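# Structural overview
In case you want the letters, here they are:
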Amino acid sequence: MTAGLATRPAATVAPGALRALAVLEARRYLRSPLFLAGLGVLVWSTVVATGDFRHNAASEDPGDLVLLPAFFLGLLGVVVAYRMTRTLDASGEAPDAAPSDRFRRTAALCLACLVPAVPAFAWIGWIYVALAVGRIPLSSAITPGARAAILLSGAVCAVGGPLFGVLVARWARFPGAGLTAVVVLAGWALLATVSLALPPSRAGTLLHLSAPFTGWVSADGPRRPAWVAGGSPGWYLAYLVLLCGLAVTAALLPGTTGPRRRRVLQVLGALAVVAIGCLGLAVLPDPARVPL
Amino acid sequence: MILRAVAWPAVLGGTAAGAAILALCAVVPGDGPPLTYVRLALIALAGAAAFVLDEPAAAAVAAVPVSRPRRTARRLVAVALPLGVWVAGILGVAAGHAGTPVLGLLAEGACAPAVAVGAAAALRAAGRDEPGELVASSLGAVLLAVLLFDPPPHSVPLFPVGGGWSASTSLWGVLGTAAALVVVASSLEPRGRLR
């Protein structure tokens, strides 16, 4: 009897089930009060910050503003996605009775985490429009390509935070794991800023860029001239995208068995190797700091 | 007996995270106290305190012959754990870093968990048996936003760095007192219930 149950094939899943599930989860994400609150504060703070562009042009770069989508969509998104995943699990056996397995439900949750990408890309468009309309002079210390990579990293953080929330909810079973994940992410990003207070070196750049979020412009004191940290924003962006891939793959792992589990583990290993390679390439350039 | 019903994994998890951050703050050398990291520990400890009133078996507990105020009072004993870790941590940071504003930080550490417990008590009175997760994540997000973005008014900062400690302590005092009143008010036995 038990052996029969164990070897029973998985429930048949309709071809469009994943899409339908993803749409349902995306609607839940859109209705989350924390997402809506974060979006509201993001809009308000961006309006205020873009108004100060001309005033702060000598000491700041628009790339500094990536903290806004990274925090209000990404870090808050950790909590949103964590709670969505846990409430789905808390509904007991009902999801197990649905014609969809745990793998697909997790995949649908991960697809729903693309919701904050829409306001994040709109935010990047807003920044470029504000720069063009205000004819803001930009420092040549950051190339246009590097600035685009820095701004895009904010959008990747906006998606990466929720994906990390799904990952934590799938692996950590204790209450309060969501807040612990937020504290760990914030602590990691803050720890990386320690390297900016040290003399420039490749080890310092590695510490700086290993975090899932980082700022590029800093100064040696409140009234000292600003500079741009060493490293490649383009390869750092690739590293962040691969971290998102790692989060998705690791979140899918608990619901898999047999050959599928082996495939997921292979993808996880490959992504980890490529991510380490991208981080290495991001650290490779001259660690010297360039005045803004 | 009631203390056994506390969501200890959540309380211990948050407290352990706060203790680890405070221990790092105490041993890492620097010109002054690493206040940003110290406040990160405070967020973890306040989050831990938010779980103290969680009651997964609320229906069963409501039937026991112990009044609601007494049950709440007994559960509040668990807040001593994050509070104790905060006091020990701040004294450790002060020992390693001269000029640590001990009194101001102790006020923050006493009042932030009080706000968490107050919010949890209000939600519990509104019918939510396990408000910890919601309070911990919402309060954590708000405190983290204040810590990272330092919003105005700067005359009354929630997390001061240079000056403004007395104004900040007053603000925390008001918040802590309001939270304590909310805990008391929402823990009273409803009229007509067995005393």
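Our subject in this report is the structure included herewith. None of the values given here were measured: they were computed from a predicted structure. (Residues numbered from 1 in each chain as written. Chains lettered and ligands numbered in written order. Predicted model: local features only at pLDDT ≥ 70, side-chain atom pairs only at ≥ 80, totals over all residues.)

What follows deals with the overall build of chain A. Helix and strand counts for chain A come out as 12 helices and three strands. Across the 292 residues of chain A, 42% fall into the buried class. Across chain A, every contact between residues at least 6 apart in sequence was considered, and the portion connecting residues at least 24 apart equals 84%. (Helix = DSSP H or I, 4+ residues; strand = E, 2+ residues; numbered from the N terminus. Buried ≥ 20, exposed ≤ 12 C-beta atoms within 10 Å, placed from the backbone. Contact = placed C-beta atoms within 7 Å.)

Time to look at the interface of chain A and chain B. In this assembly, 16 residues from chain A lie in contact with 23 residues from chain B. Among the elements of the structure, α4 (67–90) and α9 (177–192) of chain A are those that each provide at least two residues to the side of chain A that touches chain B. For the side of chain A that touches chain B, the leading source of residues is α9 of chain A, giving eight residues. In terms of residue class, the side of chain A that touches chain B is built from 11 nonpolar, four polar and one charged. (Nonpolar A, V, L, I, M, F, W, Y, C, P; charged D, E, K, R; others polar.)

Here arginine 135 of chain A, not a glycine, exhibits a phi torsion of approximately 50°, which is positive. Within the secondary structure, arginine 135 of chain A is located in the loop between α7 (117–134) and α8 (144–171). Unlike most non-glycine residues, aspartate 150 of chain B shows phi in positive territory, near 45°. Topologically, aspartate 150 of chain B is positioned in the loop between α7 (132–149) and α8 (165–187). For aspartate 150 of chain B, a count of 13 C-beta atoms within 10 Å translates into the label partly exposed.

All names here are of chain A. Taking strand neighbours across the sheet as the criterion, the three strands line up as β1-β2-β3 in an open arrangement whose pairing is antiparallel. Looking along the sheet, the strands with just one partner apiece sit at the ends: β1 (217–219) and β3 (290–291). Both strand β2 (residues 226–228) and β3 contribute to a ladder of two bridges, which runs antiparallel. Paired with valine 228 across the bridge in β3 is valine 290. (Pairing = 2+ DSSP bridges.)

Before going further, it helps to spend a moment on helix α3 (residues 33–51) of chain A. All names here are of chain A. For α3, which comprises 19 residues, the first-to-last C-alpha distance of 27 Å matches the rise-based estimate of 27 Å (1.5 Å per residue) to within 8%. All of the buried residues along α3 are Phe35, Gly38 and Leu42. Seen from one end, α3 has its buried residues packed into an arc of 60°, which puts them on one side. In this structure, α3 carries Pro33, Leu36, Gly40, Trp44, Val47, Val48 and Gly51 as exposed residues pointing more than 90 degrees from its buried face. (Expected span 1.5 Å × (residues − 1). Arc of directions from axis to C-beta.)

Here we take up the nonpolar core. Ranked by internal contacts, the top residues of the largest apolar core, which has 137 residues, are Leu163, Val182, Tyr239 and Ala247 of chain A together with Ala46, Ala116 and Val117 of chain B. If near-sequence neighbours (up to four positions away) are discounted, tyrosine 239 of chain A is found in contact with Ala275, Cys278, Leu279 and Ala282 of chain A. (Core = buried A, V, L, I, M, F, W, Y, C linked by C-beta atoms within 7 Å.)

The next subject is the environment of valine 161 of chain B. Residues and elements named next belong to chain B. In this fold, valine 161 is placed in the loop between α7 and α8. Among the residues examined, valine 161 registers 14 C-beta atoms within 10 Å and is labelled partly exposed. It is 9.7 Å that separates the C-alpha atoms of valine 161 and proline 33, two residues lying 128 residues apart in sequence.

Let us now look at α7 of chain A. Residue and element names in this part refer to chain A. Here α7 contains 18 residues, and its C-alpha end-to-end distance of 26 Å stays within 8% of the 26 Å for a straight helix at 1.5 Å per residue. Turning to α7, its buried residues number three or more, namely Ala120, Trp123 and Ile127. Take α7 and look down its axis: the buried residues cluster within an arc of 50°, on one side only. Of the exposed residues in α7, those oriented more than 90 degrees away from the buried face are Gly125, Val129, Ala132 and Val133.

This part covers the environment of arginine 263 of chain A. You can see arginine 263 of chain A is positioned in helix α12 (residues 258–283). Put simply, arginine 263 of chain A and glycine 277 of chain A are 14 residues apart on the chain and 21 Å apart in space, counted from C-alpha to C-alpha.

All right, on to the environment of proline 200 of chain A then. All names here are of chain A. Among the secondary structure elements, proline 200 is positioned in the loop between α9 and α10 (202–210). Of the residues examined, proline 200 has 16 C-beta atoms within 10 Å and is grouped as partly exposed. Note: C-alpha distance between proline 200 and alanine 229 (29 residues apart in sequence) is 8.2 Å. Residues within four places of proline 200 in sequence aside, it is in contact with Gly230, Pro287, Ala288 and Arg289.

A separate point is the packing of α10 of chain A against α12 of chain A. Residue and element names in this part refer to chain A. Relative to each other, α10 and α12 sit at 130°, their axes nearing to 9 Å. The orientation of α10 relative to α12 falls into the category oblique. Viewed along their axes, α10 and α12 form a crossing whose handedness is right-handed. Contacts from Arg202, Thr205, Leu206, Leu209 and Ser210 in α10 reach Leu279, Ala282 and Val283 in α12. Residues that form the contact of α10 with α12 fall into these classes: five nonpolar, two polar and one charged. (Axes fitted to C-alpha atoms, helices over the stretch in contact; angles between N-to-C directions. Parallel < 35°, antiparallel > 145°, perpendicular 65-115°, else oblique. Left-handed = near helix turned anticlockwise from the far one by under 90°.)

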